[in-house]
Amino acid sequence: MAARVWAPALVASVLAAAGPSAGDKSAPRIEMIAGSTSVGLGEVFNLVVRVVTKDTAVEKVILPSFAGFEVVQKSVSNPIQVHFGFGSGSQGLKTTHTREMDMWLKSKKPGKYTFSAVEVKWKGKTYKGRPVTITVTSKPAKQTAVPQPVSPSPGMNWPFKIPGFPQPQPQPVPQPQPQPVPFPNDASTQGDASLLPEDLEGAEYDPVMFLQTVVEPREAVIGQQVTMTLYVFTSVSLGMWDVPTEPGTDKFWVVDLLPPSAKPSTGIKQIHGKTFEVMVLRKHALFPTEAGEITITPAVFKSSSPFGGLLGGGEYTRTAVPVTVSVSPLPAEGKPKDFVPSSVGTYTMKGALVPEETLVNQPVTFTITLVGIGNIEMLAAPSIMLPDEVKTYDPQVTDLVSLKGGVVGGTKRIEYMLMPTKPGELTVGPFEWVFFNPEKGAYERLKIPARILAVLPAGPDEPEEMVQAVVPEDETGERLRPIRTVAALHKARAQIVRNPWFLVAAVFPPGLLAFLYLFAFGRSFARGLRTRNPAGAALKEARTVLKKAGASGDHGEFYAEVQRAIYQYLEKRFTIPATGMTGPELMDALLAVGVSSEHSEETVKETENCEFARYGRSSSERNLDMADVKKRVISMLELLEEYDPPKPREHKP
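Figured I'd write up the structure that's included with this text. Everything quoted here is computed from the prediction, not taken from an experiment. (Residues numbered from 1 in each chain as written. Predicted model: local features only at pLDDT ≥ 70, side-chain atom pairs only at ≥ 80, totals over all residues. Heavy atoms only, no water.)

**Quick word on the packing of aromatic side chains**
What the rule picks out here adds up to 20 aromatic pairs. With centroids separated by 6.5 Å and ring planes inclined at 50 degrees, the aromatic side chains of tryptophan 122 and tyrosine 127 adopt a geometry described as tilted. Ring centres of tyrosine 205 and phenylalanine 276 lie 6.1 Å apart, and the angle between their planes is 70 degrees; this geometry places the pair in the edge-to-face category. With tyrosine 205 in the loop between strand E11 (132-140) and strand E12 (209-216) and phenylalanine 276 in strand E18 (residues 274-288), this pair connects stretches of sequence that are 71 residues apart. (Phe/Tyr/Trp six-rings, centres within 6.5 Å; stacked < 30°, edge-to-face > 60°. Helix = DSSP H or I, 4+ residues; strand = E, 2+ residues; numbered from the N terminus.)

**So, the nonpolar core**
Ranked by internal contacts, the top residues of the largest apolar core, which has 32 residues, are Tyr569 and Leu570. Residue assignment for this core shows that the elements contributing at least two residues are helix H3 (534-548), helix H4 (555-574), helix H5 (583-592), helix H6 (597-613) and helix H7 (619-640). With nine residues, the top contributor of residues to this core is H4. Ignoring sequence-local partners within four residues, the contact set of tyrosine 569 consists of Ala538, Leu539, Ala542, Phe574, Leu637, Leu640 and Glu641. In this structure, Ile30, Phe66, Met103 and Val120 belong to the second largest nonpolar core, which totals 26 residues. (Core = buried A, V, L, I, M, F, W, Y, C linked by side-chain atoms within 4.5 Å. Buried < 20%, exposed > 50% of the residue type's maximum accessible area, 1.4 Å probe, protein only. Contact = heavy atoms within 4.5 Å.)

**Observations concerning a nonpolar patch on the surface**
A cluster of nonpolar side chains, contributed by Phe508, Leu512, Phe515, Leu516 and Phe519, occupies part of the molecular surface with about 540 Å² of accessible area. With respect to the element layout, phenylalanine 519 can be found in helix H2 (residues 500-530). Classification of phenylalanine 519 by relative accessible area gives partly exposed; the value is 48%. (Patch = residues over 30% accessible without salt bridge, like charges linked within 9 Å, V, L, I, M, F, W, Y side chains within 5 Å. Areas by Shrake-Rupley, 256 points an atom, 1.4 Å probe, with all protein chains shown as cover. Salt bridge = Lys/Arg side-chain N within 4 Å of Asp/Glu carboxyl O.)

**Thoughts on the sheet that holds strand E29 (residues 424-428)**
In spatial order, the strands read E24-E32-E29; together these three strands make up an open sheet with mixed pairing. Edge positions in the sheet fall to strand E24 (357-359) and E29, since each has one partner strand and no second. Mean inter-strand twist for the sheet, computed between neighbouring axes without regard to direction, equals 30 degrees. (Pairing = 2+ DSSP bridges. Axes fitted to C-alpha atoms, helices over the stretch in contact; angles between N-to-C directions.)

**Thoughts on the packing of H4 against H6**
One way to put it is that H4 packs onto H6 with a least axis distance of 8 Å and a crossing angle of 155 degrees. With respect to their mutual orientation, H4 and H6 come out roughly antiparallel. Read as a crossing pair, H4 and H6 show a hand that is left-handed. Across the interface between the two elements, His555, Tyr559, Val562, Gln563, Ile566, Tyr567 and Leu570 of H4 pack against Thr603, Glu606, Thr607, Cys610, Glu611 and Ala613 of H6. Residues belonging to the contact of H4 with H6 are distributed by class as follows: seven nonpolar, four polar and two charged. (Parallel < 35°, antiparallel > 145°, perpendicular 65-115°, else oblique. Left-handed = near helix turned anticlockwise from the far one by under 90°. Nonpolar A, V, L, I, M, F, W, Y, C, P; charged D, E, K, R; others polar.)

**So, the environment of valine 49**
Examined against the element boundaries, valine 49 turns out to sit in strand E3 (residues 44-54). As a C-alpha pair, valine 49 and arginine 99 span 50 residues in sequence and 8.1 Å in three-dimensional space. Residues contacting valine 49, with those up to four places away along its chain left out, are Glu31, Met32, Leu63, Arg99, Glu100, Met101, Met103 and Val118.

**Structural notes on the packing of H5 against H6**
The N-to-C vectors of H5 and H6 enclose an angle of 145 degrees; their axes lie 9 Å apart at closest approach. The handedness of the crossing between H5 and H6 comes out as right-handed. Two secondary-structure elements touch here, H5 through Gly583, Leu586, Met587, Leu590 and Leu591 and H6 through Ser597, Ser600, Glu601, Thr603, Val604, Thr607 and Glu608. Here the residues of the contact of H5 with H6 are counted per class, giving five nonpolar, five polar and two charged.

**Side note on the sheet that holds strand E22 (residues 323-328)**
The sheet built from three strands is open, its strands ordered E13-E22-E19 with mixed pairing. The outermost strands of the open sheet, each flanked by one partner alone, are strand E13 (219-221) and strand E19 (292-296). Each adjacent strand pair in this sheet contributes to an overall mean axis angle of 35 degrees, direction not counted.

**Looking at the environment of lysine 335**
Turning to its location among the elements, lysine 335 is positioned in the loop between E22 and strand E23 (345-354). Classification of lysine 335 by relative accessible area gives partly exposed; the value is 40%. Apart from the residues lying within four places of it in its own chain, the contact partners of lysine 335 are Leu330 and Tyr443.

**A few points about the environment of phenylalanine 287**
Of note, phenylalanine 287 is situated in strand E18. Linking phenylalanine 287 and valine 221, residues 66 residues apart in sequence, is a C-alpha distance of 9.0 Å. Apart from the residues lying within four places of it in its own chain, the contact partners of phenylalanine 287 are Gly223, Gln224, Gln225, Lys251, Phe252, Trp253, Val255, Gly374, Asn375 and Val408.

**Considerations on unusual backbone geometry**
Negative phi is the rule for most residues except glycine; trans is the rule for most peptide bonds. Cis geometry marks the peptide bond from valine 354 to proline 355; its omega dihedral reads -10 degrees. Its place among the elements puts proline 355 in the loop between E23 and E24. Put simply, glycine 429 and proline 430 share a cis peptide bond, and its omega is 0 degrees. Unlike most non-glycine residues, histidine 272 shows phi in positive territory, near 50 degrees. Following the sequence through the fold, histidine 272 ends up in the loop between strand E17 (265-271) and E18. The exposure class of histidine 272 is exposed, given its relative accessible area of 63%.

**Observations concerning the pairing of strand E27 (residues 396-404)**
Where strand E5 (residues 69-77) and E27 come together, four bridges link them in antiparallel fashion. If you follow serine 75 over to E27, its bridge partner there is leucine 400. Sheet topology places E27 next to strand E28 (residues 407-420); nine bridges connect them, and they run antiparallel. In the strand pairing of E28, glutamine 396 is matched with glutamate 415.

**Brief notes about the pairing of strand E30 (residues 431-437)**
By the criterion of burial, E30 is predominantly enclosed, with six of the seven residues buried. Relative to strand E31 (residues 442-448), E30 is paired through seven bridges, and the arrangement is antiparallel. Along E31, the bridge assignment pairs asparagine 437 with alanine 442. Hairpin connection from E30 to E31: four residues lie between these consecutive antiparallel strands, with glycine 441 at a positive phi of about 65 degrees.

**Examining H5**
Helical geometry: 3.6 residues make up each α-helical turn, so side chains three or four residues apart lie on a common side. Buried within H5 are the following residues: Gly583, Leu586, Ala589 and Leu590. When H5 is viewed along its axis, its buried side chains cluster within an angular range of 125 degrees and face the same direction. Buried positions along H5 lie against H4 and H6. Downstream of H5 by a residue or two, glycine 594 has a phi angle that is positive, lying close to 100 degrees. (Arc of directions from axis to C-beta.)

Here it is in structure tokens:
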């Protein structure tokens, strides 16, 4: 593994890390750090984008365009730092969230390139960092090896820093390594005419120049990868070229398999007696998000020939033909209740508990690692069942995406921090996770066996030694009296402590503090009286959330707010912990509190619609949904108001 040399990156760090105004202390810290600001042609270098926020995680990070470079490897991590301060509950617990994207870029062409500022959306506002300039020289590239991801050693890479808690020491228990899932051969299309499309399906032949859109496979299920390749066939020499209109992929989650600015020549092909040079313009991995006949709208290609006049050539504009993909829904037969629709692919799963012995209120980590082929970033973290004696926090999720042979896959690592509150042997797990394997056309279940956590009692705190003050005696055996500061035979001066207003000045600060305390207590008590019946205020609060939804105009944020309003209403009205529940679990919970099957099914369907609507809708459908969904959700919640909330349990002394 090549060591990272950060000294050359000092200039890049200073330029990119300044971020927002220094006067805004609450703004996120945005850094874009390049391993080197001057690289050779074809050289691989490191670029790190890091965003640090307090209390809540960043909502969205928009990276700049890396035109002129190839992204060789990319990994994303989201570490969390937990701090314990004064107070209790949420007042005593503070968190720092970090979004870090570690990329290795390969230069493609000499020149001077400026990566624009990283944009961050957080708490409804947009923040920007600073741009970074990279100079690519024509000198030969340095031999730089891209590091391979290494699993953390047990107890060493602790994701949380908690003051007052010691860092775990290395344990002899080895970190289990998941068995890799084999990828297809990573064959390159560079200069190999045998890998070009054999027929002209998805193209309209033109003897001078034409486009071809190749989609494989043409039939898939929701969440299965479909690979789209856009070729240009030309019999004339090209100068400058551009793709002003990209292929329409509204109803797909898209992963780029080739740099969009590259011009990789794939070889020569004979068609109808003419010789064509073929180039790959675009290559995307598409993951359909809904069923039906989905049409990839045609791309537009513009180019100019360096020759004109009597030699032929000139300006060219070509439009591809639309291609339709038939997407089937996931089969209902055999679908487990705990299946999450985004879990599609081929995976293996491993788990590790480190350490396996600890003290009461001392943290341990349980790590779940998923490795395989599929849309690794869309996989939902497996739900974990823990004993009541164990507390947990939001997990740290790290995604390492791999692109091999045009197939998307990689590793997802989910790290939970667990804190036992009672001594004894506690059983953690077992854990199960379900995914759909499109190659076998069946659902598969992966299991992690239960782990035993030995929790030892904490040592008793030794009481501090109490020292009693002793008043000394004089030689006569009488207690010593205070020293007089004023002689009885001398006219006393007016001392400050004897002044009448001194008592008022001394009593005023604590009196004011007591008044402010009582005032704050009164406001808190009054607020408690207003919220004593949370079930009655659930609909009002949901209306408030829905009213604010969509203010930013982002459809993904809009549907996230709508889904949050539904979950918040169910939690306050029926005390159902809806957030994180699967559809079947939410259905059972609604039926358990007396909601009819019709209204329960409608509620579950509305939450699932929000989940799918966040990805892959056409512009017209998005505007229609956002204009109509508020009324539909309010009507649904008003129907749920007809059901009585569950009575609170009586606490017997």
